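# Survey of secondary and tertiary structure
Below, each chain spelled out in residue letters.
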Amino acid sequence: MSYGDALPSLAGIDLSVAKGEFVSIVGPSGCGKSTLLKLIAGLRTATSGRLTVDGAEPGRSQCKAAFVFQEPNLLPWRTVAGNVRLPLELGQSGKASNNVEPDELVERTIQLVGLSLHDAAKRPSELSGGMRMRVSLARSLVTNPEIMLLDEPFAALDDILRQQLNEELQRLWWNKRWTGLFVTHNVSEAVFLSQRVFVMSRSPGTILESIEIPFDFPRTPELRADPEFARLTGVVSGHLRRAAGIAGTQVSIATAEATEDA
Amino acid sequence: MPDAPKSKTALLFRSVAPPLILFVVLLGLWQFCVWWFELKPFLVPGPIRVASAAVSTFGKLAAATKVSAAAALSGFAASLITGVVIAFFFSQSRLIRISCYPYAIFLQTVPIVAIAPLVINWFGSGFRSIVIITFVISLFPIITSTTTGMTAVDPELLDLFRLNRASRWQIWLKLRLPNAVPHLITGARTSSGLSVVGALVGEYFAGFGVNDYGLGFLIGRNTSQMRTDELFAAVIASTLLGITIFGAVSIVGAFILNRWYDVK
């Protein structure tokens, strides 16, 4: 699959994700991770290659996809509730799923992402970075999507907030089981959230490796202290270093003894 | 800090007092020069003479100001509506934009004084021609600022709208138009000032032959009749009119920005 000249070209992307699966894609900057998500969303078209979403071309697929950007990208002139309601106002449908009144659905989704109804009337400028990202998540969830495409949504947040949102994202996914494609730079985040982690290399973007993450769901914060978690993080990091072309591809991996020392 | 202002009133006083004192000093200097150099009143009348002319012709002045305000606001309103409609078409296609833009620039570069006689030729003298001249001069800033605001939309937000299968009209109404409002306000501030210029130039050329004349006509007549004190009074009235319209538009704009765009 190749793309335009200005954008990272992709080659040898051989990747299939099952319905209801949550996978992460990690890779060095500029390897085309975001381009891949936009191709899947049907926002860009590939010049060659074949990409199907639910058996159809991304643009023509009946499958409902939602996209979460790195920036919350909220409309400053709308309130929190107004921003969450936006997708319901667009397109021909204009009507919400499940025969729920849009207002009720908006309120429910706002509460689902951990915001209060008191926050619903606020403007984006009154919220913290973490809260804005929650609104952005709510905006993508409100359409009850079948596929969620997340492009480094928590990259701008501090680590504790990121962990907290990882746990909540995982809970949201576990409850609804949409198909999740999560792009990130953060290895620990990828391992915590995913059933499989793909490592991409750059120019041209290729899938180098696919690593199974076998932990059960729902996963708890304690998992991060698990030696097996540390081992898998090390494995993914090793592949990522190779993808980035850093010498010394073998990384010594923290084991049970190392964690006990600490 | 020993001389830190203690309250808002003190702060206001400290920012208002200096220009006010300077104003009084300048008025005094002006009056002094008129008296010292024995300047002829039809060349340079003193401030006292101007003030008394303003008081004695107050009714005439107020009526003319009202006529000019009506012309300026009508032209401004027309340019606001037309400008947004033109910007709508400009925002729809790059081809339309690059095809029409040179002609929009024509509006900006043609000297208003040069086309005023033409407008009068076509539409006759009076209020209608004056409003058209005002409209022409204040249209350009609205078009450019609003077009910029409608096209300079975050590409990720466009992606978001497209992903949710938004129609062109929905993208315009819910994204491009609200995104353009802060730009439109900047353009409207410029245009509001220009609209007073347009109204006065229009009245200067086309304001004759009517009972309700405006400040532009009054200025022309006072000049030809060497009533320089009344001329000064009319100039001051025009300035006040300009400040008032510009100030009102700025206040409305600041309110909108503060309420919906979090610009403090």
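Residues numbered from 1 in each chain as written. Chains lettered and ligands numbered in written order. Predicted model: local features only at pLDDT ≥ 70, side-chain atom pairs only at ≥ 80, totals over all residues.

## Some details on the overall build of chain B
What counts, and what does not: Each helix is a run of DSSP H or I of at least 4 residues and each strand a run of E of at least 2, with the numbering of both proceeding from the N terminus. As defined in this context, the radius of gyration uses C-alpha atoms, and a globule is described by 2.2 Å times the residue total to the power 0.38.
Scanning chain B from N- to C-terminus turns up 10 helices and 0 strands. From first element to last, N terminus to C terminus, chain B shows the α and β order α-α-α-α-α-α-α-α-α-α. What you see for chain B is a C-alpha radius of gyration of 23 Å, clearly larger than the 18 Å of a compact globule of 264 residues, by over 25%. Taking the principal axes of the C-alpha coordinates as reference, chain B spans close to 75 × 65 × 30 Å.

## Examining the packing of helix 2 (residues 80-89) of chain A against helix 3 (residues 102-112) of chain A
Residues and elements named next belong to chain A. Just so we agree on the cut-off: To get an axis, fit a line to the C-alpha atoms, keeping to the stretch in contact for a helix; angles then go from 0 to 180 degrees between the N-to-C directions. The sense of a crossing depends on the near helix, which, turned anticlockwise from the far helix by less than a right angle, makes the crossing left-handed and, turned clockwise, makes it right-handed. Residues are defined as contacting one another if the C-beta atoms placed from their backbone atoms lie within 7 Å. As a working rule, the residues Ala, Val, Leu, Ile, Met, Phe, Trp, Tyr, Cys and Pro are called nonpolar, Asp, Glu, Lys and Arg charged, and the rest polar, with Gly in that last group.
The interhelical angle for the contact between helix 2 and helix 3, taken along N-to-C directions, is 120°, at an axis separation of 10 Å. Every pair of crossing elements has a handedness; the one defined by helix 2 and helix 3 is right-handed. Together, Val 80, Ala 81, Val 84, Arg 85 and Leu 88 of helix 2 and Pro 102, Val 106, Thr 109 and Ile 110 of helix 3 make up the contact between the two elements. Among the residues making up the contact of helix 2 with helix 3, the classes are represented as 7 nonpolar, 1 polar and 1 charged.

## Let's talk about helix 5 (residues 129-141) of chain A
All names here are of chain A. Defined as follows: Expected helix span is given by 1.5 Å per residue-to-residue step, counting one fewer step than there are residues. Residues are called buried when their C-beta atom has 20 or more other C-beta atoms within 10 Å, exposed when it has 12 or fewer, and partly exposed otherwise; all C-beta atoms are positioned from the backbone.
Helix length check: helix 5, at 13 residues, gives a terminal C-alpha distance of 19 Å against a target of 18 Å (1.5 Å per residue), a fit within 8%. Of all 13 residues making up helix 5, 10 are buried, and the element is well covered by its neighbours. When we look at burial in helix 5, the residues that qualify are Arg 132, Met 133, Arg 134, Val 135, Ser 136, Leu 137, Ala 138, Arg 139, Ser 140 and Leu 141. Buried residues along helix 5 sit in contact with strand 2 (65-68), helix 2, helix 3, strand 3 (147-151) and helix 6 (159-176).

## Side note on the sheet that holds strand 6 (residues 206-212) of chain A
Strands belonging to one sheet form pairs held by backbone hydrogen bonds; the direction of such a pair is parallel or antiparallel. All names here are of chain A. The test is simple: The pairing criterion for strands is at least two bridges between them, as found by DSSP.
Taking strand neighbours across the sheet as the criterion, the 6 strands line up as 2-3-4-1-5-6 in an open arrangement whose pairing is mixed. Lying at the two open borders of the sheet, with one neighbouring strand each, are strand 2 and strand 6. Shown here is a sheet whose adjacent strand axes are inclined to one another by a mean of 20°, direction ignored. Looking at chain direction, strand 1 (residues 22-26) and strand 4 (residues 179-184) are connected through 5 bridges and run parallel. Looking across to strand 4, one finds that Phe 22 is bridged to Gly 180.

## Quick notes on the nonpolar core
Selection rule: For this entry, the nonpolar core is defined as buried Ala, Val, Leu, Ile, Met, Phe, Trp, Tyr and Cys residues connected by C-beta atoms within 7 Å.
Within the largest apolar cluster, 72 residues are counted, with the highest numbers of intra-cluster contacts made by Phe 67, Ile 110, Leu 149, Val 191 and Val 236 of chain A. Those residues in contact with Ile 110 of chain A, other than ones at most four positions away along the chain, are Val 80, Ala 81, Val 84, Leu 115, Leu 117, Ala 120 and Ala 138 of chain A.

## As for the packing of helix 8 (residues 168-206) of chain B against helix 9 (residues 215-224) of chain B
The geometry of a pair of packed helices is captured by two quantities: the angle between their axes and the separation between those axes. Residues and elements named next belong to chain B. The condition that has to hold: Here the angle decides the label: under 35 degrees means roughly parallel, over 145 means roughly antiparallel, 65 to 115 means roughly perpendicular, and every other value means oblique.
Packing of helix 8 against helix 9 leaves a shortest axis separation of 6 Å and a crossing angle of 50°. Looking at the two axes, helix 8 sits oblique to helix 9. In the crossing of helix 8 with helix 9, the sense of the turn from one axis to the other is right-handed. Every residue of helix 9 that contacts helix 8 at Ala 199, Leu 200, Val 201, Gly 202, Glu 203 and Tyr 204 is listed here: Leu 215, Gly 216, Phe 217, Ile 219 and Gly 220. For the contact of helix 8 with helix 9, the class distribution of residues is 7 nonpolar, 3 polar and 1 charged.

## Remarks on the interface of chain B and chain A
Taken together, the contacts link 17 residues of chain B with 15 residues of chain A. Those elements that provide at least two residues to the side of chain B that touches chain A are helix 7 (155-163) and helix 8 of chain B. Top contributing element to the side of chain B that touches chain A by residue count: helix 7 of chain B, with 7 residues. Counted by class, the side of chain B that touches chain A contains 8 nonpolar, 2 polar and 7 charged residues.

All quantities given are derived from atomic positions and should not be read as evidence of function.
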